[in-house]
Amino acid sequence: MKCIEPFTQPVYITQPVLPDANDVYMKILEIWESRQLTNNGRMVGQLEEMLSRYLKVEHLSVFSNGTVALQIACRLLRLSGEVVTTPFTFAATAHSLEWSNLTPVFCDIEETSMNIDPRKIEQLITHRTTAVLPVHVFGYPCDVKTIGNIAEKYGLKIIYDAAHAFGVEIDRIPIGAFGDISMFSFHATKIYHTLEGGALAFGNNNYKNKATGLCMKNRADILRNFGISGEDVVAEPGTNGKMNELQAAIGILLLDKVDAEIAKRKELTCLYRNFLQDLPGLTFNTDIEGIKYNYPYFIIRVDDKVFGVTRDELYRKLKEYNIFAKKYFYPLCSDFACYRHLPSAAAHNLPVAAKVARQVLALPLHGSLANECVEKICGIIRMIRG
Ligand code: T4K
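Parameters at a glance
- Residues numbered from 1 in each chain as written.
- Predicted model: local features only at pLDDT ≥ 70, side-chain atom pairs only at ≥ 80, totals over all residues.
- Heavy atoms only, no water.
- Pairing = 2+ DSSP bridges.
- Helix = DSSP H or I, 4+ residues; strand = E, 2+ residues; numbered from the N terminus.
- Axes fitted to C-alpha atoms, helices over the stretch in contact; angles between N-to-C directions.
- Contact = heavy atoms within 4.5 Å.
- Parallel < 35°, antiparallel > 145°, perpendicular 65-115°, else oblique.
- Left-handed = near helix turned anticlockwise from the far one by under 90°.
- Nonpolar A, V, L, I, M, F, W, Y, C, P; charged D, E, K, R; others polar.
- Polar contact = N/O pair within 3.5 Å; in protein donor to acceptor, adjacent residues only side chain to side chain.
- Buried < 20%, exposed > 50% of the residue type's maximum accessible area, 1.4 Å probe, protein only.
- Expected span 1.5 Å × (residues − 1).
- 1 Å grid on protein atoms, 1.4 Å probe; cavity = no way out; pocket = protein on both sides within 12 Å on 5 of 7 lines; lining within 4 Å.
- Points joined across faces, edges and corners; volume = space filled by probe spheres on them.

Draft legend 1. Representation of the sheet that holds strand S7 (residues 169–170) within the structure. Pairing within the open sheet is antiparallel, and its three strands lie in the order S8-S7-S14. Each edge of the open sheet is held by one strand with a lone partner, namely strand S8 (173–174) and strand S14 (291–292). As judged from the two bridges shared by S7 and S14, these two strands associate in the antiparallel manner. Bridging across to S14, Ile170 finds its partner in Ile291.

This is how it looks when you write it as structure tokens:
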């Protein structure tokens, strides 16, 4: 087999899409001129309108990051007690519950979609359960229909962690239309970003609260600004979750670029699939009919018994070639020291999640990656397998 040289520069799983520096400069001049740097500035309002149109949701608020947005979502829905969620996600999902004084109850996942397994949710519901927090992991939509039915049956709220699912649609229905609230992350590592940032979409549930007379979006906007609802009024204990004008400006400039980024990632994903499809022991998901997908990550699963090399060995060897893969998501949240004591975190409750977490590896995927790089990465994987 032909020897392949390591990459001369590090190849990361992602690289942020950047707006043109001159365009950023023009926006900075506008912000400087106005001297409004934060606290619900003009650009934040403009970005919310643009995002509502792009994500096809009527009501949306932006925040300083996705994690604080999730915490605000918990407060908006007045959750208490236990919330059923997935252990196969980024730390922020479970932590947002813990920071809201809620107990995460970990539910096992489906083998293929890697999302929460709706068939296992019901057995975890107790008199203390007030909500479910599923994650559309890697942008693949959860089984929203079954989850919706369960929530209705038990009177539970649904918050979707849609951090990875920007622009995803199921049968032409935008992902933000499902559940009570969906959270999108605009972190620099996402297909669409505002440096740091996030949003909540309120689907069709922008109902008015009887006690406060406020709809969800109004209350979200108050909660992200310390709970201040009027010049002399602090309505409730809010937090500081505001997006600033510079973040919003970046978001405004990048919205035009997101479709091209997704298209390029789709092309690279197809290349990966072509180059890797015949490798025994290495699997990956394919597109599902009816889903408008956004290609945020390229995830492989390594079955070491068949592949002959473990996921961790592959990860280490790729590093020798200057390729920095990421083990998304390992370890499971249920294995973190802060959650290990929970009854739902016991390994025997989460066999599929444990297996998937041992196998997954995210390979480089972003719009500025050349097709030849993908070809070379696949050649290196082939060589490592031997
Ligand atoms: N829910 C889910 C399911 C999530 O995945 C996330 C965040 C959240 C909630 C919370 O949303 P936010 O509060 O973050 O808005 C990254 C991100 O920090 C995190 O936002 C993201 N999920 C998670 C999946 O990935 P790390 O620690 O793995 O990222 P890091 O710093 O290793 O970056 C990955 C690669 O990206 C680097 O090797 C190089 C490249 N990179 C990264 C940054 C930050 C750049 O080229 N430039 C950059 O500025 O967490």
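Draft legend 2. Summary view of the sheet that holds strand S3 (residues 82–85). With respect to topology, seven strands assemble into an open sheet ordered S2-S10-S9-S6-S5-S3-S4, the strand pairing being mixed. The sheet terminates laterally at strand S2 (60–63) and strand S4 (103–106), the two strands that pair on one side only. Across the sheet, the mean angle separating the axes of adjacent strands is 25° when strand polarity is ignored. Direction of pairing for strand S5 (residues 129–133) relative to strand S6 (residues 157–161): parallel, over a ladder of two bridges. Pairing of Ala131 across the sheet is with Lys157, part of S6. Sheet strands in contact with helix H2 (residues 42–55) are S2 and strand S9 (181–185), and its direction is about 125° off that of S2. Strands in contact with helix H4 (residues 91–99) are S3, S4, S5 and S6; relative to S4, the strand with the most contacts, it is inclined by about 140°.

Draft legend 3. Summary view of the packing of helix H1 (residues 21–34) against helix H7 (residues 245–254). Where H1 meets H7, the axes come as close as 10 Å, and the angle between the chain directions of the two elements is 140°. With respect to H7, the axis of H1 lies oblique. By crossing handedness, the relation of H1 to H7 is classed as right-handed. Where H1 approaches H7, its residues Asp23, Val24, Lys27, Ile28 and Ile31 are matched on the opposing element by Glu245, Leu246, Ala249, Ile250, Ile252 and Leu253. Considering only residue class, the contact of H1 with H7 consists of eight nonpolar, no polar and three charged.

Draft legend 4. Here's a closer look at the side chain of Thr89. Summarising the element assignment, Thr89 is placed in the loop between S3 and H4. A distance of 2.7 Å separates the side chain of Thr89 from the side chain of Thr93, its partner in a polar contact. Leaving out residues up to four positions away in the same chain, Thr89 has contacts with Val135, Asp161, Phe329 and Cys333.

Draft legend 5. Spatial organisation of the pairing of strand S15 (residues 298–302). A large share of S15 lies buried, amounting to five of its five residues. Residues Phe298, Ile300 and Val302 point to one face of S15 and Ile299 and Arg301 to the other, with burial holding for every one of them. For strand S13 (residues 282–283) and S15, the ladder comprises two bridges, and the chain directions are antiparallel. Bridge pairing links Leu282 to Val302 in S15.

Draft legend 6. Seen up close, the pairing of S9. Within S9, five of the five residues are buried, which leaves the element mostly enclosed by the surrounding structure. Of the two faces of S9, both are covered, the one formed by Ile181, Met183 and Ser185 as well as the one formed by Ser182 and Phe184. The pairing of S6 with S9 spans three bridges and is classified as parallel. Considered in S9, the bridge of Asp161 is made with Met183. Two strands pair when backbone bridges link them, and S9 and strand S10 (residues 198–201) are joined in this way by four bridges, in the antiparallel orientation. The partner of Ser182 across the bridge, within S10, is Ala201.

Draft legend 7. Representation of helix H12 (residues 371–385). Between its first and last C-alpha, H12 extends 22 Å over 15 residues, near the 21 Å set by a 1.5 Å rise per residue. Among all positions in H12, only Val374, Ile377, Cys378, Ile380, Ile381, Met383 and Ile384 are buried. Note on H12: the residue one or two positions beyond its end, Gly386, has a positive phi of about 80°.

Draft legend 8. Focus on empty space enclosed by the protein. On inspection of all chains with the given rule, the structure shows three cavities of 30 Å³ or more. Computed from the structure, the largest cavity encloses a volume of approximately 100 Å³. In this structure, the largest cavity is lined by 13 residues; those nearest its centre are Tyr140, Tyr293, Tyr297, Phe298 and Ile299. For the lining of the largest cavity, the secondary-structure elements that each account for two or more residues are helix H8 (258–276) and S15. Each pocket or cavity is described by its volume, and for the second largest cavity that value is around 50 Å³. The wall of the second largest cavity is formed by Ile13, Thr14, Thr189, Pro296, Tyr297, Ala362, Leu363 and Leu365.

Draft legend 9. Structural detail: the packing of H2 against H7. It is at 8 Å that the axes of H2 and H7 come closest, and there the two elements cross at 35°. Considering only the axes of H2 and H7, their crossing is left-handed. Counting all contacts with H2, which are made through Arg42, Met43, Val44, Gln46, Leu47 and Met50, the residues of H7 involved are Glu245, Ala248, Ala249, Gly251 and Ile252. Residue classes in the contact of H2 with H7 are distributed as seven nonpolar, two polar and two charged.

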